[in-house]
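Topology and contacts: notes
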Amino acid sequence: MEVFLNNLPKLAKDKHKENKTFFTKLKKKPPKQLDYIMQELHEQEFETTDCLTCANCCKTTGPLFTDKDVQRIAKYFRQKPQQFIDQYLRVDEENDYVLKSVPCTFLGPDNYCSIYDVRPKACAEFPHTDRKKFQQISNLTLKNVAICPAAYNIVEKMKSRIKL
Ligand code: SF4
Ligand code: SF4
């Protein structure tokens, strides 16, 4: 996994043009069974990819925290939402709450998330490869393939399975 992670930014850069062309075509004419295909590719990938050997998303990019996330996690810490915000979060350029710093404060040295049961929705759904109408998050996916080995593999498999 470590070698793959080290090579991933370059691999993703090399594939960027090809991926962009693929997603442009996918957006124009998504196959009828796209949701089904994505579900299958996502499940197959995560049968073999163990996030505990990776945690690259938690180390290199943080999630957005919705108001619901803030309320739930603050409650878990027995804090007021504002106390939690002051301690861990900042507001980014798009006016969203994000982590003050990465790697994520809640990530342990063993790659376990210390707030796993109450983690932000964005963490639970990352890399969003089983999302319905997947073609709608093409731009996000183009970025995620440089961070997430599973997303990279899934996009590679999409390109061989879906002929556009
Ligand atoms: S979701 Fe992707 S980047 Fe995050 S730990 Fe799993 S494989 Fe790694
Ligand atoms: S909250 Fe947990 S899952 Fe989310 S980035 Fe931090 S360590 Fe990773």
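Residues numbered from 1 in each chain as written. Chains lettered and ligands numbered in written order. Predicted model: local features only at pLDDT ≥ 70, side-chain atom pairs only at ≥ 80, totals over all residues.

Per an unreviewed UniProt entry, the chain goes by the name YkgJ family cysteine cluster protein and belongs to Olleya sediminilitoris.

On to the site of ligand 1, then. Close contacts around ligand 1 come from Thr49, Cys51, Cys54, Ala55, Asn56, Cys57, Phe126, Pro127, Ile147, Cys148, Pro149 and Ala150, and that covers them all. Breaking the shell around ligand 1 down by element, the ones donating at least two residues are α3 (56–60) and α8 (149–161). A class-by-class count of the residues in the shell around ligand 1 yields ten nonpolar, two polar and no charged. (Near = placed C-beta within 6 Å. Helix = DSSP H or I, 4+ residues; strand = E, 2+ residues; numbered from the N terminus. Nonpolar A, V, L, I, M, F, W, Y, C, P; charged D, E, K, R; others polar.)

Right, let's get into the packing of helix α1 (residues 2–28) against α8. In the contact formed by α1 and α8, the axes pass within 10 Å of each other and the chain directions differ by 35°. Crossing handedness for the pair α1 and α8: left-handed. Across the interface between the two elements, Phe4, Leu5, Leu8, Leu11, Ala12, Asn19 and Phe22 of α1 pack against Pro149, Tyr152, Val155 and Lys159 of α8. (Axes fitted to C-alpha atoms, helices over the stretch in contact; angles between N-to-C directions. Left-handed = near helix turned anticlockwise from the far one by under 90°. Contact = placed C-beta atoms within 7 Å.)

Before going further, it helps to examine the site of ligand 2. Taken together, Cys58, Gly62, Pro63, Cys104, Phe106, Leu107, Cys113, Ile115, Arg119, Pro120 and Cys123 make up the full set of residues near ligand 2. Across the shell around ligand 2, the residue classes break down as nine nonpolar, one polar and one charged.

Counting 24 residues, the largest nonpolar core has Cys57, Val145, Cys148, Ala151, Tyr152, Ile154 and Val155 as its most contacted members. When contributions to this core are tallied by element, the ones reaching two or more residues are α2 (34–48), α3, α5 (81–88), β3 (97–99) and α8. No fewer than three residues from each of domain 1 (2–57 + 129–161) and domain 2 (64–125) sit in this core. (Core = buried A, V, L, I, M, F, W, Y, C linked by C-beta atoms within 7 Å. Buried ≥ 20, exposed ≤ 12 C-beta atoms within 10 Å, placed from the backbone. Domains from an automatic or database assignment.)

This part is about the sheet that holds strand β1 (residues 64–65). Spatially, β1-β3-β2 is the arrangement adopted by the three strands of the open sheet, whose pairing is antiparallel. Here the strands that pair on one side only, and so sit at the sheet edges, are β1 and β2 (89–91). With three bridges joining them, β2 and β3 adopt antiparallel strand pairing. Its bridge partner being in β3, arginine 90 is matched across the sheet by valine 98. (Pairing = 2+ DSSP bridges.)

So, on to the domain arrangement of the chain. Examined at the domain level, the chain breaks down into domain 1 (2–57 + 129–161) and domain 2 (64–125). For domain 1 versus domain 2, the distance between C-alpha centres works out to 25 Å.

Moving on: unusual backbone geometry. Of note, the bond from valine 102 into proline 103 is cis; its omega dihedral lies within 30 degrees of zero at -5°. At asparagine 95, a residue that is not glycine, the phi angle is positive and equals roughly 70°. Turning to its location among the elements, asparagine 95 is positioned in the loop between β2 and β3. The phi torsion at histidine 128 lies on the positive side, around 65°, for a residue other than glycine.

This part is about the environment of tyrosine 76. Examined against the element boundaries, tyrosine 76 turns out to sit in helix α4 (residues 67–76). Filtering out sequence-adjacent residues up to four positions away, tyrosine 76 remains in contact with Ile115 and Val118.

Orientation of α4 relative to α5, taken along the N-to-C sense of each, is 95°, at an axis distance of 8 Å. By the angle between their directions, the pair α4 and α5 is classed as roughly perpendicular. Residues Val70, Gln71, Ile73 and Ala74 of α4 touch α5, and the partners they reach there are Pro81, Gln83, Phe84 and Ile85. Here the contact of α4 with α5 is built from residues that sort into six nonpolar, two polar and no charged. (Parallel < 35°, antiparallel > 145°, perpendicular 65-115°, else oblique.)

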